[in-house]
Amino acid sequence: MSEPLLRLAAVERRYKSEAGELPVLRGADLTLAAGEIVALVAPSGTGKSTLLHLAGLLEKPDGGEVFVGGKGAGTLSDDARTGIRRTTIGFVYQFHHLLPEFTAEENIALPQMAAGVSRRDANARAHELLAAFGLTGRETHRPGKLSGGEQQRVAIARALANRPRILLADEPTGNLDVGTSDRVFAELLEQVRGHGVAALVATHNPDLARRMDRIVTLQDGRIIPA
Ligand SMILES: Nc1ncnc2c1ncn2[C@@H]1O[C@H](COP(=O)(O)OP(=O)(O)OP(=O)(O)O)[C@@H](O)[C@H]1O
């Protein structure tokens, strides 16, 4: 079998608290194959965001290892980790985190330019993505002039801008009303499936989870099938 695109092996993470150390992840194992879409459904506070941060190389585990494309991230320099984040991994959060002073198009173009794409090509890709998310005509709107659903669509488009092979999403539609959440999530899945992107999506919504290929949960700091 080929090496999974993303692998968490016996990953541990502890936080210091006033009461001592809080072990959140205690040997979590998870693999994500190329193009696979996995739902992470677990109660609040069990470590979903922590796991996504480790998978996305935003934090380092206290034990175990994260492998991206078969390569262990533990020994990589900060620059190498940043490079992988820029080119291979896209993130979507519950709240859009768009830059308020930039337009929808600029928000999608900027991460591409940070990865070395020319402004012209970055803008062309931003237009293409905005069209795919039904946002043609909204290119020059700043986030404050967009609805919640539109803001989240732009955030998803931004996450896909550099053609990542992995999308990590933390409650990507958790801030939207039920109907909008349903539509935006369907669009996210369509884009992800259409481009063979692997995705790990934390959600509290069982209806959304059922639309993915596989559901896992966190129990006592470990990943188990749901
Ligand atoms: N930087 C931090 N410092 C200290 N404790 C933290 C930190 N980040 C998370 N925690 C604690 O670790 C535990 C897991 O947090 P995490 O945000 O990963 O859970 P979650 O499953 O994503 O929760 P939710 O569904 O509510 O977003 C919680 O008890 C939280 O308080």
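These numbers were taken from a predicted model, which means no experiment stands behind them.

**A closer look at the sheet that holds strand 1 (residues 6–17)**
Part 1 of the reasoning: Judged by pairing direction, the sheet is antiparallel, and its four strands sit side by side in the order 2-1-4-5 without closing on themselves. Sheet topology places strand 2 (20–32) and strand 5 (71–72) at the edges, where each strand pairs with a single neighbour.
Part 2 of the reasoning: When strand 1 meets strand 4 (residues 63–68), the two strands line up antiparallel, connected through five bridges. The partner of leucine 8 across the bridge, within strand 4, is valine 66.

**Observations concerning the packing of helix 3 (residues 104–114) against helix 5 (residues 148–160)**
Part 1 of the reasoning: Closest axis-to-axis distance for the helix 3/helix 5 pair is 8 Å, and the angle between their directions is 20°. Compared by their axis directions, helix 3 and helix 5 come out roughly parallel. Crossing geometry of helix 3 relative to helix 5 is assigned as right-handed. Residues Ala104, Asn107, Ile108 and Pro111 of helix 3 touch helix 5, and the partners they reach there are Val154, Ala157 and Arg158.

**What about the site of the ligand?**
Part 1 of the reasoning: Taken together, Tyr15, Val24, Ala42, Ser44, Gly45, Thr46, Gly47, Lys48, Ser49 and Thr50 are the residues near the ligand.
Part 2 of the reasoning: Counting residues per element, the shell around the ligand draws most heavily on helix 1 (residues 48–55), at three residues.
Part 3 of the reasoning: Considering only residue class, the shell around the ligand consists of three nonpolar, six polar and one charged.

**Quick notes on helix 4 (residues 119–132)**
Part 1 of the reasoning: With 14 residues, helix 4 ought to run about 20 Å at 1.5 Å a step, and its terminal C-alpha atoms sit 20 Å apart, in line with that.
Part 2 of the reasoning: Residue glycine 134 follows helix 4 closely and has a positive phi angle near 70°.

**Here's the deal with the packing of helix 3 against helix 4**
Part 1 of the reasoning: Interhelical geometry of helix 3 versus helix 4 gives an angle of 130° and a closest axis separation of 8 Å. The orientation of helix 3 relative to helix 4 falls into the category oblique. By crossing handedness, the relation of helix 3 to helix 4 is classed as right-handed. Taken together, the residues of helix 4 that come into contact with helix 3 (itself represented by Ala104, Glu105, Ile108, Ala109, Gln112 and Met113) are Arg119, Ala122, Asn123, Arg125, Ala126, His127, Leu129 and Leu130.
Part 2 of the reasoning: The residue inventory of the contact of helix 3 with helix 4, partitioned by class, reads eight nonpolar, three polar and three charged.

**Quick word on the environment of histidine 97**
Part 1 of the reasoning: The topology assignment puts histidine 97 in the loop between strand 6 (89–92) and helix 3.
Part 2 of the reasoning: With 14 C-beta atoms counted inside 10 Å, the residue histidine 97 sits in the partly exposed group.

What counts and what doesn't
Residues numbered from 1 in each chain as written. Predicted model: local features only at pLDDT ≥ 70, side-chain atom pairs only at ≥ 80, totals over all residues. Pairing = 2+ DSSP bridges. Helix = DSSP H or I, 4+ residues; strand = E, 2+ residues; numbered from the N terminus. Axes fitted to C-alpha atoms, helices over the stretch in contact; angles between N-to-C directions. Parallel < 35°, antiparallel > 145°, perpendicular 65-115°, else oblique. Left-handed = near helix turned anticlockwise from the far one by under 90°. Contact = placed C-beta atoms within 7 Å. Near = placed C-beta within 6 Å. Nonpolar A, V, L, I, M, F, W, Y, C, P; charged D, E, K, R; others polar. Expected span 1.5 Å × (residues − 1). Buried ≥ 20, exposed ≤ 12 C-beta atoms within 10 Å, placed from the backbone.

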